[in-house]
Amino acid sequence: MIAARVILLLISAANVASFTMPKTRVAASSRPSASSSTTIHKQYSTSTDVELDEVQSTSSSDEPSNATRRTILQSALLAPIAMASQPSFASDKPPPIVPLVTTAKRLRSVPLFTIVDGDGVPFHTYDKDSAGGFGYFFTSYTSATYVLDDAKAAFAKAVTDAEKNKETSEGAIGEDGTGEVPDAWGKAQIVTLPLDVVMQLSVKKTSSVAVNGKGKTFSTYYQVIPSTEDLNAALRIENGPRYSERGRVPLFYVDGLTIPSPDGSGDVADPVYFRIKDLTAEWTKQNPGKDIPQIKVRELTETFRAMIRPDGKDTSVLNLVFVPIAESVDKAKISPRSYKLGEMILTK
C-alpha cells in the first residue's frame with residue numbers, strides 16, 4: 001500500500017498510539033484546478049517582509065472565499081492570531097503581555113519542515129474522529145527526510161505492483177480499482193515554513209479542498225512534531241501524560257541561563273530550546289567545568305497561548321526567545337518555500 005510505512009514513522013515521531021493506514025487516491029484528472037488555494041513563499045531572515053501569492057479563480061459556495069483566505073493569511077503572516085476559542089483581538093480588549101509583532105518575530109526564526117507534492121500541495125492525514133485532515137510540521141529536517149524517503153520507496157514499489165496487477169488482471173491500488181498509480185508521492189518534496197505561521201494555523205479554524213477527494217472540503221488541523229529523542233527527554237524530566245499526547249512539543253530551559261537578545265538591543269533574553277543537547281551545549285559554553293542545574297521543560301502551544309492571551313499574567317514569557325535547531329536553520333536556507341493553503345492531498 002502506498003506510503004504504508006510513512007504513518008508508522010509519524011506515529012514514532014509523534015508518540016501516537018494509532019493512525020489508520022494511508023492511501024493516495026484519485027488520478028490527476030480528478031484534481032480541481034488551482035481553485036482558491038493560496039501559495040506562501042517565505043524568506044528566512046529577520047525581515048518581516050513576506051511575499052504572498054493569491055491564486056485567483058472561482059470557488060464553490062461552500063468553500064471559504066478568496067477574500068476570507070486572504071484575511072486569514074495576512075493575519076497569520078503579519079501577527080499572531082487569538083486562540084481558536086476566542087474572537088480576534090478587538091480594540092477594547094487589553095493587550096497581550098508580549099506585543100503581537102514581537103511574538104511573531106521571536107517565532108519566525110524557527111524553521112519547520114513538511115511534505116508537499118510537486119505543486120506545493122501538502123499531504124494531510126484523515127482523522128475519523130474529527131472528520132478532518134491533519135497536517136504535520138517537523139522540527140527536524142532529518143525526521144521529514146525519513147518520511148519522504150520511505151514514501152518514495154513505497155511509491156516505487158506501488159508502481160511495480162501495479163504493473164504486475166495489469167499483467168494478471170488483478171485489482172489495483174486506486175479506490176476505483178483501476179491500475180493507475182497516483183504520482184503525488186513520487187513527486188513529493190520537503191518544504192519549509194516558519195514557526196510563527198504554523199503556530200497561528202494551529203489555533204485558527206481553517207479548511208482545505210481535498211484535491212484527491214472530488215473537491216470535497218474538510219476542516220484542517222496542524223501540529224508540530226518534535227523528534228522522538230526530544231519527547232523522551234521531556235518524559236524523563238516531567239513524569240506525566242502531557243508529552244504522550246499528540247502534538248505536544250517540549251521546550252527545554254534552565255533557570256538563570258540568559259543569552260544576548262537577538263533584537264540587538266543589548267538586553268538579555270531567556271532562551272528555550274527545541275533540543276536538549278543544544279541547551280546543555282550553551283550552558284557548558286557559558287559555565288565551563290560546572291554541572292548544569294536542573295533542566296526544566298515547558299510546552300510550545302501553552303507557551304504560545306500565554307504570549308498572545310489578552311491581559312496575560314505569565315511574566316515568564318516576557319523575555320522568552322526560541323532557539324532553533326542549528327541544522328534546521330541551515331537546511332531551511334536551501335529548502336523550497338512554496339506551500340499551498342486551501343488545498344491538500346488527503347491520506348488515510
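Structure: above.
Note that the structure is a prediction, hence the values are computed from the model and not measured.

Chemist: Can you walk me through the overall build of the protein in this structure?
Modeler: Along the backbone of the protein there are 9 helices and 15 strands. Burial status across the protein gives 47% buried among its 348 residues. Of the contacts made within the protein by residues no fewer than 6 positions apart, 73% connect residues no fewer than 24 positions apart. Carbon and sulfur atoms provide 51% of the accessible area of the protein, an area that totals close to 16300 Å².

Chemist: Help me understand the pairing of strand β7 (residues 206-210) in this model?
Modeler: When a strand is regular, its side chains alternate between the sheet's two faces. Extensive coverage of β7 is indicated by the burial of 4 of its 5 residues. By the bridge criterion, 4 bridges tie β7 to strand β8 (residues 217-225) in an arrangement that is antiparallel. Within the sheet, the bridge partner assigned to Thr206 lies in β8 and is Thr220. Here β7 folds back onto β8 in antiparallel fashion, the turn holding 6 residues, of which Lys214 has a positive phi close to 60 degrees. Summarising the sheet, β7 and strand β15 (residues 343-347) pair through 2 bridges and their orientation is parallel. Note on β15: the bridge partner recorded for Ala210 is Met344.

Chemist: Quick question: what am I supposed to make of the environment of Val147 here?
Modeler: Secondary-structure assignment places Val147 in helix α4 (residues 141-168). According to the relative accessible area criterion, Val147 is buried, its value standing at 4%. As for Val147 and Ile115, which are separated by 32 residues in sequence, their C-alpha atoms are 8.5 Å apart.

Chemist: Help me understand empty space enclosed by the protein, please; the structure alone is not making it clear to me.
Modeler: If you roll a probe as big as a water molecule over the atoms, it shows you where there is empty space left. Under the counting rule described, the total for this entry stands at 2 cavities of 30 Å³ or more. What lines the second largest cavity is simply Val110, Pro111, Thr139, Phe274, Pro324, Ile325 and Ser328. The residue inventory of the lining of the second largest cavity, partitioned by class, reads 5 nonpolar, 2 polar and no charged.

Chemist: Just checking my understanding: could you explain the packing of helix α5 (residues 195-202) against helix α8 (residues 300-308) for this structure?
Modeler: Helix-helix packing is characterised by the crossing angle of the two axes and by the distance between the axes. Packing of α5 against α8 brings their axes to within 11 Å, and their N-to-C directions diverge by 90 degrees. Classified by the interaxial angle, the pair formed by α5 and α8 is roughly perpendicular. Note on element contacts: α8 touches α5 through Leu300, Thr301 and Phe304, opposite Leu195, Met199 and Gln200. Taken together, the residues of the contact of α5 with α8 break down into 4 nonpolar, 2 polar and no charged.

Chemist: Would you mind showing me how to read the nonpolar core here?
Modeler: A general tendency of soluble globular proteins is for nonpolar side chains to be buried together. Counting residues in hydrophobic clusters, the biggest one holds 31 residues, and the most contacted among them are Phe137, Leu195, Val224, Phe274, Leu300, Phe322 and Tyr339. Contributions of two or more residues to this core are made by β3 (111-116), β6 (189-194), α5, β8, α8, β13 (320-323) and β14 (338-341).

Chemist: Before we go on, may I ask you to explain the packing of aromatic side chains in this structure?
Modeler: Centre-to-centre distance and the angle between the planes together describe a pair of aromatic rings. For the structure shown, the criterion picks out 6 aromatic pairs. An angle of 80 degrees between the planes, with centres 6.1 Å apart, marks the rings of Tyr126 and Phe218 as edge-to-face. Of this pair, Tyr126 sits in strand β4 (residues 123-127) while Phe218 sits in strand β8; the two residues are 92 residues apart in sequence, bridging distant segments of the chain. Here Tyr126 falls in the partly exposed class, since its relative accessible area comes to 22%. A relative accessible area of 14% means that Phe218 is categorised as buried. Plain terms: the ring middles of Phe137 and Tyr222 are 6.2 Å apart, the flat faces sit at 40 degrees to each other, and that makes the pair tilted. Taken together, the positions of Phe137 in strand β5 (residues 132-138) and Tyr222 in strand β8 put the pair 85 residues apart, joining distant regions of the chain. Judged by its relative accessible area of 0%, Phe137 falls in the buried class. Put simply, the rings of Phe134, Tyr136 and Tyr221 pair up and form one aromatic cluster. Over the ring of Phe134 we find Arg246, and its NZ or CZ is 4.2 Å from the ring centre.

Conventions we followed
- Along every chain, residues carry numbers that run from 1 in the direction the sequence is written.
- Totals for whole chains, interfaces and linings use all residues, but because this is a predicted model, local features are given only for residues with pLDDT of at least 70 and pairs of side-chain atoms are given and counted only at 80 or more.
- As a convention, hydrogens and water are excluded, and side-chain values are obtained from all of the structure's heavy atoms.
- Per the convention used, a helix needs a DSSP run of H or I reaching at least four residues, while a strand needs a run of E reaching at least two, with both numbered from the N terminus.
- Using a 1.4 Å probe on the protein chains alone, a residue whose accessible area is under 20% of its type maximum counts as buried, one over 50% counts as exposed, and one in between counts as partly exposed.
- We call two residues contacting when some pair of their heavy atoms lies within 4.5 Å.
- Surface accessibility in these figures is a Shrake-Rupley result with a 1.4 Å probe; residues are shielded only by whichever protein chains are displayed.
- In this scheme, strands are said to pair when DSSP sees at least two bridges between them.
- Space inside and on the surface of the protein is sampled on a 1 Å grid over the protein atoms alone, with a cavity defined as a set of points where a 1.4 Å probe fits but cannot get out and a pocket as an open set with protein on both sides within 12 Å along at least 5 of 7 lines; lining residues have an atom within 4 Å of a point.
- Grid points are joined across faces, edges and corners, and a volume is the space filled by probe spheres set on the points.
- Each residue gets one label: Ala, Val, Leu, Ile, Met, Phe, Trp, Tyr, Cys and Pro are nonpolar, Asp, Glu, Lys and Arg are charged, and the others, such as Gly, are polar.
- Angles run from 0 to 180 degrees between N-to-C directions of axes, and those axes are lines fitted to C-alpha atoms, restricted for helices to the stretch in contact.
- Should an angle lie under 35 degrees it is considered roughly parallel, over 145 roughly antiparallel, and from 65 to 115 roughly perpendicular; all remaining angles are considered oblique.
- Residue types Ala, Val, Leu, Ile, Met, Phe, Trp, Tyr and Cys, when buried and joined through side-chain atoms within 4.5 Å, form a set referred to as a nonpolar core.
- Each Phe, Tyr or Trp ring (for Trp, its six-membered ring) is paired with any other whose centre lies within 6.5 Å, and the angle between the two planes then decides the class: stacked below 30 degrees, edge-to-face above 60, tilted in between.
- For a lysine, the NZ atom is tested; for an arginine, the CZ atom; a charge sits over a ring if that atom is within 6 Å of the ring centre and within 35 degrees of the ring normal.

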